[in-house]
Amino acid sequence: VTINGFDRINELLGYSYGNGVLKKVGMHFKELFHLKGNVYKGRAEDFLIVCESMPYKHAMFLATEILNAPEIIKKQLNGKVTFDLSIGIDFVHFNQNRSLEELLTSVTHARNTAKENGTNKICFYNESTHLKKKEIQSLEEDLVDVVEKKGFNIVYQPFYEIERGQLSGAEA
């Protein structure tokens, strides 16, 4: 879970006020996940919530409850702050042998996809979507590399009108 626009809270109200907001958000998440999972404070405005054996419907219910956090926190702080959340979710099955780093990468990808899709969104990790994005990123990097090295040669193919016996245009 990430808090979108949190920099604005720090800039307008100060870092110590922002830290108080983070504590309230963290406490709210802990209340939601009491006995269901563990809440960890990540870097900056990120939280990681780890749960064991949670069915999809229950995960969606809790994710929707998480999306209500900004309104609850706003009321607790007398309307001083507004923010929204992006949530990335990945299900790991017992037969999958994935490292913590792989899990963090997948939930980060899902969360970033949620952010790209707008405010207060929930996104589940999808490996094929992730692989497509990696492929596009690789192509973009290759293209930048070619452009920087001036690796493009433009070749024009002329259009010739036989009836008139003259050049009428060209395409690259």
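Details of the structure are given in the entry above.
All of the points below concern the structure found in this document. (Residues numbered from 1 in each chain as written. Predicted model: local features only at pLDDT ≥ 70, side-chain atom pairs only at ≥ 80, totals over all residues. Heavy atoms only, no water.)

## Structural notes on the sheet that holds strand 1 (residues 2-4)
With mixed pairing, three strands are arranged side by side in an open sheet as 1-4-5. Both edges of this open sheet fall to strand 1 and strand 5 (121-124), since each of them pairs with a single strand only. In this sheet, adjacent strand axes meet at a mean angle of 20 degrees when their direction is disregarded. Looking at chain direction, strand 1 and strand 4 (residues 84-89) are connected through three bridges and run antiparallel. (Pairing = 2+ DSSP bridges. Helix = DSSP H or I, 4+ residues; strand = E, 2+ residues; numbered from the N terminus. Axes fitted to C-alpha atoms, helices over the stretch in contact; angles between N-to-C directions.)

## Re the packing of aromatic side chains
For any pair of aromatic rings, geometry is given as the distance between the ring centres together with the angle between the planes. Enumeration according to the criterion identifies four aromatic pairs in this entry. Pairing Phe29 with Phe47 gives two aromatic rings, centres 5.2 Å apart and planes at 80 degrees, and the pair type is edge-to-face. Of this pair, Phe29 sits in helix 2 (residues 15-32) while Phe47 sits in strand 3 (residues 47-51), and the two are 18 residues apart along the sequence. Overall, the relative accessible area of 6% leaves Phe47 in the buried class. Relative to Phe91, the ring of Tyr56 lies with its centre 6.4 Å away and its plane at 45 degrees, an arrangement referred to as tilted. Of the two residues, Tyr56 sits in helix 3 (residues 56-67) while Phe91 sits in the loop between strand 4 and helix 5 (100-116), which places them 35 residues apart along the sequence. Through pairs of rings, three or more aromatic residues link up here, namely Tyr56, Phe91 and Phe124. (Phe/Tyr/Trp six-rings, centres within 6.5 Å; stacked < 30°, edge-to-face > 60°. Buried < 20%, exposed > 50% of the residue type's maximum accessible area, 1.4 Å probe, protein only.)

## A word on unusual backbone geometry
A negative phi angle is the norm for most residues apart from glycine, just as the trans form is the norm for most peptide bonds. Not every positive phi belongs to a glycine, and Ala44 is a case in point at roughly 50 degrees. Accessibility expressed as a relative area gives 45% for Ala44, which makes it partly exposed. One non-glycine residue with positive phi stands out, namely Asn120, at about 50 degrees.

## A look at the pattern of salt bridges
Here the structure, examined in full by the defined rule, presents four salt bridges. Among the salt bridges present, the one from Asp145 reaches Lys149, with a minimum N-O distance of 3.5 Å. The closest approach of N and O atoms between Glu161 and Arg164, which form a salt bridge, is 3.6 Å. Among the charged side chains, a salt-bridge network with shared partners connects Arg43, Asp46 and Arg111. (Salt bridge = Lys/Arg side-chain N within 4 Å of Asp/Glu carboxyl O.)

## A look at a nonpolar patch on the surface
On the surface, a nonpolar cluster with roughly 360 Å² of combined accessible area is contributed by Leu143, Val146, Val147 and Phe152. Within the secondary structure, Phe152 sits in the loop between helix 6 (127-148) and strand 6 (157-161). (Patch = residues over 30% accessible without salt bridge, like charges linked within 9 Å, V, L, I, M, F, W, Y side chains within 5 Å. Areas by Shrake-Rupley, 256 points an atom, 1.4 Å probe, with all protein chains shown as cover.)

## Some words on the side chain of Thr2
Assignment of secondary structure puts Thr2 in strand 1. Here Asp46 takes part through its side chain, which lies 2.5 Å from a polar atom of the side chain of Thr2. When residues no more than four places from it in sequence are discounted, the contact partners of Thr2 are Glu45, Asp46, Asp84, Leu85, Ser86, Arg111 and Lys115. (Polar contact = N/O pair within 3.5 Å; in protein donor to acceptor, adjacent residues only side chain to side chain. Contact = heavy atoms within 4.5 Å.)

## Overview of the pairing of strand 3
Bridge count between strand 2 (residues 37-41) and strand 3: five bridges; the pairing is antiparallel. Considered in strand 3, the bridge of Gly37 is made with Cys51. From the end of strand 2 to the start of strand 3, which pair antiparallel, there are five residues, and Ala44 there has a positive phi angle of about 50 degrees.

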